Amino acid sequence: MSKSQRTPGKKAIFHTRFFFRKFPAVPYILKWLCISIIIGILVGTASAGFLQSLEWATNFRENHLWLIALLPAAGFLIGLLYYYFGKDVEAGNNLLIDTIHEPKGIIPFKMAPFVYLGTIATHFFGGSAGREGTALQMAGAIADQLTRPFKLDRNERKILIIAAIAAGFGSVFGTPLAGAVFGLEVFLIGRIRYNAIFSAFASAILADWATNLWNVKHTHYHIDFIPKLEFLPILYSILAGIAFGICAAAFSKIIHWMGSVFKSNIKYPPLRPVVGGIIIALAVFAMGTTRYIGLGVPIIMESFEKQLPLYDFALKMIFTIVTLSAGFKGGEVTPLFFIGATLGSALSLFIPLPFGLLAGMGFVAVFAGATNTPLACMLMGIELFGAECGVYVAIACVVSYLLSGHNSIYTKQKIGEAKNRRFESQQDKSVSDFL
């Protein structure tokens, strides 16, 4: 080959190298865009299938209430499945958080079908649980299988799991911005991992897009009236935030305590959900209502439309704590939405703010306090209810976050930045260290 023939190729190589030296972020962006597209399509599709299955299970149960009597038997089967075949994935969301802190072996893919089957069974037979835990675990198990094909190192694998959490959360609730920030925020209290910001947002947005392609509909909420931003409404928002923070801390403490009660008194794990199932089934039939089982979305919507009684949030809390601490599968977040929204609606008895606004504030603020993710919850409030309520939602989330202390539904969360100076010595400790 002549010199003149080689020159254009050499120039092209030179220009390419010069371009990548001048813009070193481009290879990183291209790599993670490719990974995020795969995560988005797979996780969004998985979330769509899960949401459709959940809707079917809920409708079938409500039309065949005798199924609730079989909840103890379903619990026993779930317990057997995890005890004999799923011990390595039983930690659920805490396994994902632990993997971000200290990546070890690849998360077994079986986590996805196990938690899917366990959650559908829980809802089909009448347990009180959510859906975010299932979406996150399915996303984490699916995404971590990309570690070897893309030859990801230890730090890149942390980014991968964060992106998976963002995708799972964003797609299951239809809130991609909140999902992205949730993935960045959830594993380390008080800090955000910015080197994962591109993959988290790209994965969450693409996963939500993929879920929508399957024509899966998300619940829409509406706040009728939002008062003008003045001193008294702000003061009332702070008072509401205090109540939400106390509620979040109580939920976190009691669910861990109840879990330890089940473990200490029932040594054979598959029997724990049997006992929990008996308690839930007897309570449902004794009360003659299914108001406090399942996701409870109709009751959440009701809290935006009228003032609800104070006992609604307390009963949902009891049903959810018994269900999940006994070993049934599902998430805590949608029940926390129920608890927060109904508590907020009931607080309008004492706090002179519109019950719809208080319901929306409680919806995200109790969640913020129980998961230590105030920024994600602010964005979620704006995505779900509109920007007009943004300041009120932000006040409630921040106050709830601060008042809930270093409690969390996720025991593997670590304290990256203490919430106040009294607890600076507790930095880098896990929530489990305080249980």
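All of these numbers come straight from a predicted model, not from anything done at the bench.

About the thresholds
Residues numbered from 1 in each chain as written. Predicted model: local features only at pLDDT ≥ 70, side-chain atom pairs only at ≥ 80, totals over all residues. Heavy atoms only, no water. Helix = DSSP H or I, 4+ residues; strand = E, 2+ residues; numbered from the N terminus. Contact = heavy atoms within 4.5 Å. Phe/Tyr/Trp six-rings, centres within 6.5 Å; stacked < 30°, edge-to-face > 60°. Lys NZ or Arg CZ within 6 Å of the ring centre and 35° of its normal. Axes fitted to C-alpha atoms, helices over the stretch in contact; angles between N-to-C directions. Parallel < 35°, antiparallel > 145°, perpendicular 65-115°, else oblique. Left-handed = near helix turned anticlockwise from the far one by under 90°. Salt bridge = Lys/Arg side-chain N within 4 Å of Asp/Glu carboxyl O. Buried < 20%, exposed > 50% of the residue type's maximum accessible area, 1.4 Å probe, protein only. Nonpolar A, V, L, I, M, F, W, Y, C, P; charged D, E, K, R; others polar. Core = buried A, V, L, I, M, F, W, Y, C linked by side-chain atoms within 4.5 Å.

> Explain the environment of Pro 335 to me, please; I cannot follow it from the model alone.
Inspection of the secondary structure puts Pro 335 in helix α14 (residues 333–347). Once the C-alpha coordinates of Pro 335 and Gly 130 are considered, the two residues, 205 residues apart in sequence, prove to be 5.8 Å apart. With residues up to four places along the chain from it excluded, the contact list for Pro 335 reads Ala 129, Gly 130, Lys 316 and Thr 320.

> Could you clarify how one ought to interpret the packing of aromatic side chains in this entry?
To describe a pair of aromatic rings, one takes the distance between the centres and the angle between the planes. In this structure the tally under the stated criterion is 24 aromatic pairs. With a centroid separation of 5.5 Å and an interplanar angle of 15°, the aromatic rings of Trp 56 and Phe 124 are classed as stacked. Linking Trp 56 in helix α2 (residues 25–63) with Phe 124 in helix α5 (residues 111–124), this pair joins segments that are 68 residues apart in sequence. Through a chain of ring-to-ring contacts, three or more aromatic side chains come together here, namely Phe 169, Phe 173, Phe 182, Tyr 221, Phe 304, Phe 337, Phe 363, Phe 367 and Phe 385. Positioned above the aromatic ring of Phe 338 is the side chain of Lys 316, whose terminal nitrogen or guanidinium carbon lies 5.1 Å from the ring centre. The cationic tip of Lys 329 hangs over the ring face of Tyr 82; the distance from NZ or CZ to the ring centre is 4.2 Å.

> How do you make sense of the packing of α5 against helix α6 (residues 132–143) when you look at a structure like this?
Helix packing for two helices is described by the angle between their axes and how far apart those axes are. For the pair α5 and α6, interaxial distance at closest approach is 8 Å and the crossing angle is 160°. As far as their axial angle goes, α6 and α5 are roughly antiparallel. In this structure, α5 meets α6 at a crossing whose hand is left-handed. The residues of α6 that touch α5, namely those facing Met 111, Ala 112, Val 115, Tyr 116 and Thr 119, are Thr 134, Gln 137, Met 138 and Ala 141.

> What exactly am I supposed to notice about the pattern of salt bridges here?
Side chains carrying opposite charge are able to pair once their charged atoms draw close together. Evaluated as defined, the whole model comprises 9 salt bridges. Its salt-bridge partner being Asp 88, residue Lys 110 comes within 3.1 Å of it at the nearest N-O pair. Of this pair, Lys 110 sits in the loop between α4 (93–101) and α5 while Asp 88 sits in the loop between α3 (71–85) and α4, and the two are 22 residues apart along the sequence. For Lys 110, a relative accessible area of 28% translates into the label partly exposed. When the shortest N-O distance is used, the salt bridge between Glu 102 and Arg 154 registers 2.8 Å. Taken together, the residues Glu 102 in the loop between α4 and α5 and Arg 154 in helix α7 (residues 154–173) connect sequence positions 52 residues apart.

> Just to check I follow, could you spell out the side chain of His 101 for this structure?
Mapped onto the fold, His 101 is located in helix α4. On the accessibility criterion, His 101 (12% relative accessible area) is buried. Those residues in contact with His 101 that sit more than four places away from it in its chain are Arg 154, Lys 158, Phe 187, Leu 188, Lys 412 and Lys 414.

> Honestly, unusual backbone geometry in this entry has me stumped. Any pointers?
Excluding glycine, most residues fall at negative phi; most peptide bonds, likewise, are trans. Positive phi, close to 50°, is recorded for Lys 151, a residue that is not glycine. In this structure, Lys 151 sits in the loop between α6 and α7. Backbone geometry at Asn 372 places phi at a positive 60°, although glycine is not the residue there. Tracing the backbone shows Asn 372 in the loop between α15 (355–371) and α16 (374–385).

> Help me understand the packing of α4 against α7 in this model?
In contact at an axis separation of 8 Å, α4 and α7 are set at 150° when each is read in the N-to-C sense. Judged by the inter-axis angle, α4 sits roughly antiparallel to α7. In this structure, the crossing between α4 and α7 has a hand that is left-handed. Residues Leu 96, Thr 99, Ile 100 and His 101 of α4 form the contact with α7, whose own contacting residues are Arg 154, Arg 157, Lys 158, Ile 161, Ile 162 and Ile 165. Here the contact of α4 with α7 is built from residues that sort into 5 nonpolar, 2 polar and 3 charged.

> Got a minute to help me understand the nonpolar core in this structure?
Nonpolar side chains in soluble globular proteins tend to be buried together. Counting residues in each nonpolar core, the largest one holds 129 residues, and the members touching the most others are Ile 39, Phe 182, Phe 244, Phe 363, Met 380 and Phe 385. No other element matches the 12 residues that α7 contributes to this core. In this structure, Met 380 is in contact with Phe 169, Phe 173, Thr 175, Ala 178, Phe 337, Phe 363, Val 364 and Phe 367, ignoring residues within four places of it in sequence.

Limitation: the analysis is restricted to geometry and does not speak to function.
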